[in-house]
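The residues making up each chain are set out below.
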Amino acid sequence: MERKILHVDANSAYLSWEAVYRLQHGAETDLRTIPSVVGGDEKSRRGIVLAKSIPAKKYNIKTGEALWSARGKCPNLVVLPPSYPLYMSCSDAMVRLLKRYSPNVERYSVDECFVDLTGYSQKKTAEEIAWEIKERCRTELGFTVNVGLSTNKLLAKMASELEKPDKMHTLYRHEIPEKFWPLPVRELFLSGPRTLPKLYKLNIFTIGQLAHASPDLLQHHLKSHGLTIWKYANGLDDSPVVPGDRVIKGIGNSTTSPFNVDNEKEALLYLLSLTETAAMRLRSKGMLARVVTVSLRDTQLSFYSHQCRLISPTDSTLLLYRQAKGLFKEMWRKEPLRHLGVHFSNLVENKFFQTSFFDDTVVFRQQAIDKTIDEIRGSYGNDAVVRGLFPHSGIPPLCGGVYEAFPTMRSLL
Amino acid sequence: MRVLMQSVDMICCTNRDGVITPIKFRISDEKEENRIVKIDRILNRKEEKLAGNRMLVFTVQSVIRGRECRFEMKYEFSTCKWFLYKI
């Protein structure tokens, strides 16, 4: 039986959620009808555009752009601070609505879901359900969504991006030559800034040209990624809809510092503070990490990172911090930094794991300390116990970790 | 009707089926003077969940300064607050 997959994508999610919430609380103007953006805090140098309204788009304001540059393009731009708990509750409401149609709902990111409708409804066709979901999101939840309907996840996702906002599109196999292939190749999922120049060199500018290119040629120039995007251009994808929230592949935490970090002491304090938060999250998920990555961004915004593999997986703040510290010392070029990040990946469950002969004897003592600290923080708040290094350092003892239960973007279907 | 969205002190009744009925509320006006309004009739009640935030919206009728007025009140579940929404 052919699958029926829906992709539901909230239109300019953060902004429209903010707009609906404000309208519900008596705001007079609908933010979606004026040039407005949701942006980070400029004082702490997180001032970038996170989401924009459609009128703001007309001023050529782009997501990820600095707020001062956006204000330059549109002087009467309305800038709102983000409120992540609200976005999570909107996302939850959307998932609840979708679950009324099928139990197979995969939350792909905070504003996108896949729904597997294969064989679930006998009364209505998939097209009717897709239309109904779009209408119900608008009338019940107050924000508009784009719904894409097709036979696999990739085509459903591409369909929902055909024309925005508040639209329902189908992209079945027989519609590919007409609807999908004429699009520029940059619209294809996973053809990003690294891939595009290579494709342009091969004279590939549309998705159709990519689909008709020789897979061997693509593999030669782009390695395995070439084959993946060739398959995508031909609408081939057999990834399943995994109900629930996606299995976590890694836990990370990063922060932009309010001042330039130019000495090792402060940088290490930041790393410790980031590790502290991320390791707490790791433990609360019952996971151990095997790979530690440290990433840095300097004042010129150039980004670099370094990672290492641990001999045995761990969730201990101290051991993870030791690795991060080592990585940082190896890579830092002594220039002032504005952004630091720590990421733990290659996760395993902490039920059974291979210990090593070389394991520190402090491991088990550390586990007990971490557990106790987590419990105290759980009961009395995160600032109940902090490390003695932090007071008067100007650096928060638990850094980063805005409400980010779900990533905003993903690269795996 | 004009949107006001002012929070008010409310006396309401919740019956054994969980149905909430507003009875009377106190609102302070521009001069910081308290005014008590008794709700005479509930004309309509509906639930909205815009942006995933559940609220009850009541269209009600009362006599204010000797004149019969129709207005809307909102109850927000997440904060347990009552608002005079539109008048």
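Residues numbered from 1 in each chain as written. Chains lettered and ligands numbered in written order. Predicted model: local features only at pLDDT ≥ 70, side-chain atom pairs only at ≥ 80, totals over all residues.

Trainee: Mind laying out the overall build of chain B, listing which residues take part and the relevant values?
Mentor: Along its length, chain B carries 0 helices and 7 strands. Relative to the compact-globule value of 12 Å for 87 residues, chain B shows a C-alpha radius of gyration of 13 Å, a close match. In terms of its C-alpha atoms, chain B occupies a principal-axis envelope of roughly 35 × 25 × 20 Å. Here the contacts in chain B between residues at least 6 apart in sequence split such that 29% fall between residues at least 24 apart. (Helix = DSSP H or I, 4+ residues; strand = E, 2+ residues; numbered from the N terminus. Rg over C-alpha atoms; globule rule 2.2 N^0.38 Å. Contact = placed C-beta atoms within 7 Å.)

Trainee: So what about the overall build of chain A? Which residues, and what values?
Mentor: Secondary structure summary: chain A contains 14 helices and 14 strands in total. By principal-axis analysis of the C-alpha atoms, chain A measures approximately 60 × 55 × 45 Å. Out of the 413 residues in chain A, the part that is buried amounts to 36%. Sequence separation of 24 or more characterises 63% of the internal contacts of chain A that already satisfy a separation of 6 or more. (Buried ≥ 20, exposed ≤ 12 C-beta atoms within 10 Å, placed from the backbone.)

Trainee: Go over the domain arrangement of chain A with me, naming the residues and quoting the values.
Mentor: The assigned domain composition of chain A is domain 1 (1–174), domain 2 (181–233) and domain 3 (247–380). For domain 1 of chain A versus domain 3 of chain A, the distance between C-alpha centres works out to 33 Å. (Domains from an automatic or database assignment.)

Trainee: Describe the interface of chain B and chain A, and please don't skip the residues or the numbers.
Mentor: Taken residue by residue, the interface counts 10 residues in chain B and 16 residues in chain A. It is strand S1 (residues 3–14) of chain B that contributes the most residues to the side of chain B that touches chain A, 3 residues altogether. Looking at the side of chain B that touches chain A, its residues break down into 7 nonpolar, 2 polar and 1 charged. (Nonpolar A, V, L, I, M, F, W, Y, C, P; charged D, E, K, R; others polar.)

Trainee: Go over helix H12 (residues 264–284) of chain A with me, naming the residues and quoting the values.
Mentor: Here H12 of chain A spans 30 Å end to end across 21 residues, near enough to the 30 Å set by a 1.5 Å rise per residue. Glycine 286 of chain A occupies a position one or two residues after H12 of chain A and carries a positive phi of about 70 degrees. (Expected span 1.5 Å × (residues − 1).)

Trainee: So, the environment of lysine 201 of chain A: which residues are in play, and what are the values?
Mentor: Residue and element names in this part refer to chain A. Residue position: lysine 201 is located in helix H8 (residues 195–201). Judged by C-beta crowding, with 9 C-beta atoms within 10 Å, lysine 201 ranks as exposed. Linking lysine 201 and proline 397, residues 196 residues apart in sequence, is a C-alpha distance of 49 Å.

Trainee: Describe in detail the sheet that holds strand S4 (residues 78–80) of chain A, supporting the description with residues and values.
Mentor: All names here are of chain A. Read from one edge of the open sheet, 3 strands run S3-S2-S4, paired in mixed fashion. On the outer flanks of this sheet lie strand S3 (49–52) and S4, each paired with one strand and no other. When strand polarity is set aside, the average angle formed by the axes of neighbouring strands in this sheet is 30 degrees. When strand S2 (residues 36–39) meets S3, the two strands line up antiparallel, connected through 3 bridges. For glycine 39, the partnering residue across the bridge sits in S3 and is valine 49. (Pairing = 2+ DSSP bridges. Axes fitted to C-alpha atoms, helices over the stretch in contact; angles between N-to-C directions.)

Trainee: Any details on the pairing of strand S6 (residues 112–116) of chain A? Residues and values, ideally.
Mentor: Residue and element names in this part refer to chain A. For S6, the buried fraction is high: 5 of the 5 residues fall into the buried class. Burial along S6 is two-sided: the residues Glu112, Phe114 and Asp116 and Cys113 and Val115 are all buried. As paired strands, strand S1 (residues 5–10) and S6 are joined by 5 bridges and run antiparallel to one another. By the bridge assignment for S6, leucine 6 is matched with valine 115. In this antiparallel pair of consecutive strands, strand S5 (residues 105–109) and S6, the connection spans 2 residues.

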